Amino acid sequence: MTATGTDTPVTTASIEHKERAEPVGSARAERLSALVQQHGALAVLALVSLVASFSFDSFATGDNLSNMATSSAFLAIVALGMTFVIITGGIDLSVGSLFALGGVLAAWGSRHGTLAALLLPLAVCGLIGVVNGLLVARSRLAPFIVTLAAMLGARGLMLAMTDEGADTYLIGKGSFLAELGQGSTLGLGNPVWITLALFVAGAVVLRRARFGQHVYAVGGNEDAAALMGAPVARTKILVYALSGLLAGLAGALNAAWLASGVTIVGNGMELEAIAAVVIGGTLLTGGLGYVSGSLVGVLLLKVIQNVINQIGSLDSSYQQVVSGAFLAVVVIAQTWLGRRRRLM
């Protein structure tokens, strides 16, 4: 037995106990960091909703909650596709324009029946997504540049179809497409049920399917994924195709909800989708992400927007200020948590 300067005995047993305690403490801190990463946005959403419920009489009413859920559905569908893209370490700036293009294509195609109205935006927007994926995966171009070009191209195609926005295609009342967007089931709008079904499917694919494993592997370390036999190029092509498909579907449902192919929608939606995904816990650097977190991120942005509307004295620009502040805080927190994990 030896003694320190403070006469505290140090034995072999105490040293072994300390060595065992340090990994336990590190593991506990790592689990806490992961918990904050995955469920931090949910805690903030619950807190903001609770405060808003006590502060505004009309916030927790059935009509307001139903309207928030329906308006959130379209952004949530876009954010679902964005989640897959960001987990692979990419980015898709074209989704806002594809959303607008999908709505115009659906309204234009509704003259030929509901099937054409749904298939046309899926085919065109999905094809644009495939082209994005091919350029990113095969030509190794930067996703930012590729999808920026697609954003401009899709917006130009939409404007060409509508004579610079002068023509607005309408969806007939009473049609199945209009019912799909405007109808409700069990008190919730049909777009909400479609969104929930898509998120359940997305979570299953991401967590249980081999494709989901490839998505995480490519985002974690592309070179290591290739060495393990993961189809890196095919995975990238598929995630961009999925993002385009979902953006087109969201646009079609939005057109059905509005009963027309509005040309001014989708501006800035790509930034909202990215913000929602990152706020929900998905790392911008790729390799880690949660479908459920993206849904929570969308709801949090919509609740903030609704609270600002409830205040009345603030305009919509404050929603962007608050959203930007949330995004900045989340990115800083992600960076800090990532550094802690590397040091553990």
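The structure we're discussing is the one just above.
A. Region of the structure containing the overall build of the protein chain. When helices and strands are tallied, the protein chain shows 13 helices and four strands. By sequence separation, contacts in the protein chain at least 24 residues apart represent 74% of the contacts at least 6 residues apart. Carbon and sulfur atoms make up 65% of the accessible area of the protein chain, which amounts to about 17000 Å² in all.

B. Structural context of helix 5 (residues 143–161). The terminal C-alpha atoms of helix 5 lie 27 Å apart, and with 19 residues this matches the ideal 27 Å at 1.5 Å per residue to within 8%. Listing the buried residues of helix 5 in full gives Val146, Thr147, Ala150, Met151, Ala154, Arg155 and Met158. An end-on view of helix 5 places all buried positions within 160° of arc, on one side of the element. Away from the buried face of helix 5 by more than 90 degrees, exposed residues Ile145, Leu152 and Ala160 are located. For helix 5, the elements touching its buried residues are helix 3 (95–109), helix 4 (114–137), helix 10 (232–258) and helix 11 (269–279). Just downstream of helix 5 lies aspartate 163, where phi reads positive at about 55°.

C. Molecular detail of the environment of asparagine 267. On the secondary structure map, asparagine 267 appears in the loop between helix 10 and helix 11. Asparagine 267 sits in the exposed class, given a relative accessible area of 57%. Once the C-alpha coordinates of asparagine 267 and serine 97 are considered, the two residues, 170 residues apart in sequence, prove to be 7.2 Å apart. At 3.2 Å, the side chain of asparagine 267 and the backbone oxygen of isoleucine 264 are in polar contact.

D. Broad picture of a nonpolar patch on the surface. Among the surface-exposed residues, Leu127, Val131, Leu135 and Leu141 lie close enough to one another that they form a single nonpolar patch of about 330 Å² accessible area. Judged by relative accessible area, valine 131 falls into the partly exposed class, the value being 39%.

E. Representation of the packing of helix 2 (residues 62–87) against helix 10 within the structure. The contact between helix 2 and helix 10 brings their axes to 7 Å, and the two run at 170°. In terms of orientation, helix 2 lies roughly antiparallel with respect to helix 10. Only Val239, Tyr240, Leu242, Ser243, Leu246, Ala247, Ala250, Leu253, Asn254 and Trp257 of helix 10 make contact with helix 2, whose side of the interface consists of Thr70, Phe74, Ile77, Val78, Leu80, Gly81, Met82, Phe84 and Val85. For the contact of helix 2 with helix 10, the residue count by class is 15 nonpolar, four polar and no charged.

F. Up close: the packing of aromatic side chains. For the structure on display, the rule yields two aromatic pairs. Each ring, one from phenylalanine 74 and one from tryptophan 257, has its centre 5.2 Å from the other, and the planes form 40°; the classification is tilted. Of the two residues, phenylalanine 74 sits in helix 2 while tryptophan 257 sits in helix 10, which places them 183 residues apart along the sequence. Look at phenylalanine 74 and you get buried, because its relative accessible area is 3%. Between phenylalanine 84 and phenylalanine 211 the ring centres are 6.3 Å apart and the planes differ by 15°, which places this aromatic pair in the stacked class. In this pair, phenylalanine 84 sits in helix 2 while phenylalanine 211 sits in helix 8 (residues 210–220), placing the two residues 127 residues apart along the sequence. Take phenylalanine 211: its relative accessible area is 21%, and that puts it in the partly exposed class.

G. Looking closely at the side chain of serine 94. Note that serine 94 resides in the loop between helix 2 and helix 3. A polar contact is formed between the side chain of serine 94 and the side chain of aspartate 92, at a distance of 2.6 Å. At 3.4 Å, the side chain of serine 94 forms a polar contact with the side chain of asparagine 132. Each residue touching serine 94, except ones within four places of it in the same chain, is listed here: Asn132, Thr147, Ala150 and Met151.

H. Examining unusual backbone geometry more closely. Although it is not a glycine, arginine 140 sits at a positive phi angle of roughly 55°. Following the sequence through the fold, arginine 140 ends up in the loop between helix 4 and helix 5. With relative accessibility at 64%, the residue arginine 140 sits in the exposed group. Even without glycine at this site, alanine 259 takes up a positive phi of about 65°. Position of alanine 259 among the secondary structure elements: in the loop between helix 10 and helix 11.

Rules behind the numbers
- Residues numbered from 1 in each chain as written.
- Predicted model: local features only at pLDDT ≥ 70, side-chain atom pairs only at ≥ 80, totals over all residues.
- Heavy atoms only, no water.
- Helix = DSSP H or I, 4+ residues; strand = E, 2+ residues; numbered from the N terminus.
- Contact = heavy atoms within 4.5 Å.
- Areas by Shrake-Rupley, 256 points an atom, 1.4 Å probe, with all protein chains shown as cover.
- Expected span 1.5 Å × (residues − 1).
- Buried < 20%, exposed > 50% of the residue type's maximum accessible area, 1.4 Å probe, protein only.
- Arc of directions from axis to C-beta.
- Polar contact = N/O pair within 3.5 Å; in protein donor to acceptor, adjacent residues only side chain to side chain.
- Patch = residues over 30% accessible without salt bridge, like charges linked within 9 Å, V, L, I, M, F, W, Y side chains within 5 Å.
- Salt bridge = Lys/Arg side-chain N within 4 Å of Asp/Glu carboxyl O.
- Axes fitted to C-alpha atoms, helices over the stretch in contact; angles between N-to-C directions.
- Parallel < 35°, antiparallel > 145°, perpendicular 65-115°, else oblique.
- Nonpolar A, V, L, I, M, F, W, Y, C, P; charged D, E, K, R; others polar.
- Phe/Tyr/Trp six-rings, centres within 6.5 Å; stacked < 30°, edge-to-face > 60°.

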